[in-house]
Amino acid sequence: MIVFCHLLNDASGSPQVLKSTIEALSGSKTENLLFIGSQGRGVLDSVAIKKRRFWYQRSRHRLVTLFTYFTSQVALYRALGKAKDIPQDATVFVNTLLPFAAMLWGRRTGRCVVVHLHEASISPRLLRLFLTNCAAFSANLLLYVSNDHKARLPIVGPPSLVVPNPVSPALLSRTDETSPRQDGQFRVLMLASLRGYKGIEEFMALAKGLQNRTDISFDLVLNAEANEVVAFSRNHSDAANVTIHPRTDDPAQFYSNADLVLNLSRVDQVIETFGLTLVEAMTFGLPVIAPPVGGPVEIVTHGTDGYCIDSRDGAALRRAVLKLADDPETYEAMARAARKRAQDFSFDSYAAALRAALNTLG
């Protein structure tokens, strides 16, 4: 049995990857379990696995959220301890560093603990130190999503492997729906959380700087509730060439209508460990613009299948968008290269790598 543990279920990258992980490891006849925080509904709701929820509640106030986070870990530890159907030889699979209670419970009860790391930037610093020490103390195996990720967040002690994230089969099956240049529009897409470090203000500034190009339009899909999207939109009421969308369970519909996908995370505030939306976009044959550091540079080859540009360089972003919008030959070459590169992140390769990794546990 594998006992998966995750904190927040939404439409962000880490639960999406966990969904692929659960599906990749579902070949066993043993019935697996998923322990998940009670707040949030997202991609994990559709996973065919027995779910058990533990209490968790976020707040807009950082100190309150920190308190509720640690309270949630007490709830998770108790939920695991009360479970009578988890055999002694079960593997505890902890998704992200945040569910540290699962690491400690697994270590205390003598079970194998696998920690799948997705984050590099954790604040405050004391929390990062605490969580990495929990992983160092508890884990039998660490899984990183890129070589850069492993170098930036070294945890001494447990063996570690790099397993790049996959494109889900469900998304792959939708790639024939691509409809570029609809109505003569060159559509620029970004999917991001409603957090400043994700570069959403840079996206809006880029769109504003290109408002004179009526043939270029922008779509921003925010991993946020509808009321939060309304509030954000109200602050950008002058962005006539931008359509802002709330959280989606169907990103394929946006990829299929796009011509270019951006990731504008601020490199001075956060380092992307991978960049799942980049690989997903490239699967649809879409060139991308990505940060010039972190995991994305292991995915995107600058000038071949996309561009690696610092989001603080607004002029460079505009030049790249205009180059792809106005130069069909360059665009088509990048689109072909992007689709070819995406083949390196197949679900089958991911599943095989995961099974091989867990086989090392004995």
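Look above for the structure.
A few points on the structure. These numbers were taken from a predicted model, which means no experiment stands behind them. (Residues numbered from 1 in each chain as written. Predicted model: local features only at pLDDT ≥ 70, side-chain atom pairs only at ≥ 80, totals over all residues. Heavy atoms only, no water.)

Comments concerning the environment of Pro154
Along the chain, Pro154 turns up in the loop between α5 (147–152) and β7 (160–162). Since its relative accessible area comes to 57%, Pro154 is described here as exposed. In the structure, Pro154 is positioned 130 residues away from Ala24 in sequence and 26 Å away in space, judged by C-alpha atoms. (Helix = DSSP H or I, 4+ residues; strand = E, 2+ residues; numbered from the N terminus. Buried < 20%, exposed > 50% of the residue type's maximum accessible area, 1.4 Å probe, protein only.)

Some points on unusual backbone geometry
The peptide bond linking Ser123 to Pro124 adopts the cis configuration, its omega dihedral lying at 0°. Mapping Pro124 onto the fold places it in the loop between β5 (112–116) and α4 (125–138). A positive phi angle, close to 75°, is found at Thr96, a residue other than glycine. Residue position: Thr96 is located in the loop between β4 (91–95) and α3 (100–108).

Re the side chain of Asn95
If you trace the backbone, Asn95 turns up in strand β4. Separated by 3.2 Å, the side chain of Asn95 and the backbone oxygen of Ser14 make a polar contact. Apart from the residues lying within four places of it in its own chain, the contact partners of Asn95 are Cys5, His6, Ser14, Pro15, Leu18, His116 and His118. (Polar contact = N/O pair within 3.5 Å; in protein donor to acceptor, adjacent residues only side chain to side chain. Contact = heavy atoms within 4.5 Å.)

A look at helix α7 (residues 200–209)
Within α7 the residues assigned to the buried category are Ile200, Glu202, Phe203, Met204, Leu206 and Ala207. Check the buried side of α7 and you find it contacts β8 (186–193), β9 (216–223), α8 (226–234), β10 (242–245), β11 (260–262) and α11 (314–326).

A look at the sheet that holds strand β13 (residues 306–308)
Pairing in this open sheet of six strands is parallel, and the strands run β10-β9-β8-β11-β12-β13 from one edge to the other. A strand with exactly one partner marks an edge of an open sheet, and here the two such strands are β10 and β13. Across this sheet, the average inter-strand angle for adjacent strands is 15°, counted without regard to direction. Most of the contacts of α7 go to β9, to which it runs at about 165°, and overall it touches β8, β9, β10 and β11. The strands touched by helix α10 (residues 276–283) are β8, β11 and β12 (288–290); relative to β12, the strand with the most contacts, the crossing angle is about 165°. (Pairing = 2+ DSSP bridges. Axes fitted to C-alpha atoms, helices over the stretch in contact; angles between N-to-C directions.)

Some details on the pairing of strand β1 (residues 2–6)
In terms of burial, β1 is a largely internal element, five of the five residues being buried. Burial along β1 is two-sided: the face carrying Ile2, Phe4 and His6 and the face carrying Val3 and Cys5 are both buried. Pairing analysis gives four bridges linking β1 to β4, with the strands arranged parallel. Bridge pairing in β4 places Phe4 opposite Phe93. Where β1 and strand β2 (residues 33–37) come together, four bridges link them in parallel fashion. Residue pairing across strands places Cys5 opposite Phe35, the latter belonging to β2.

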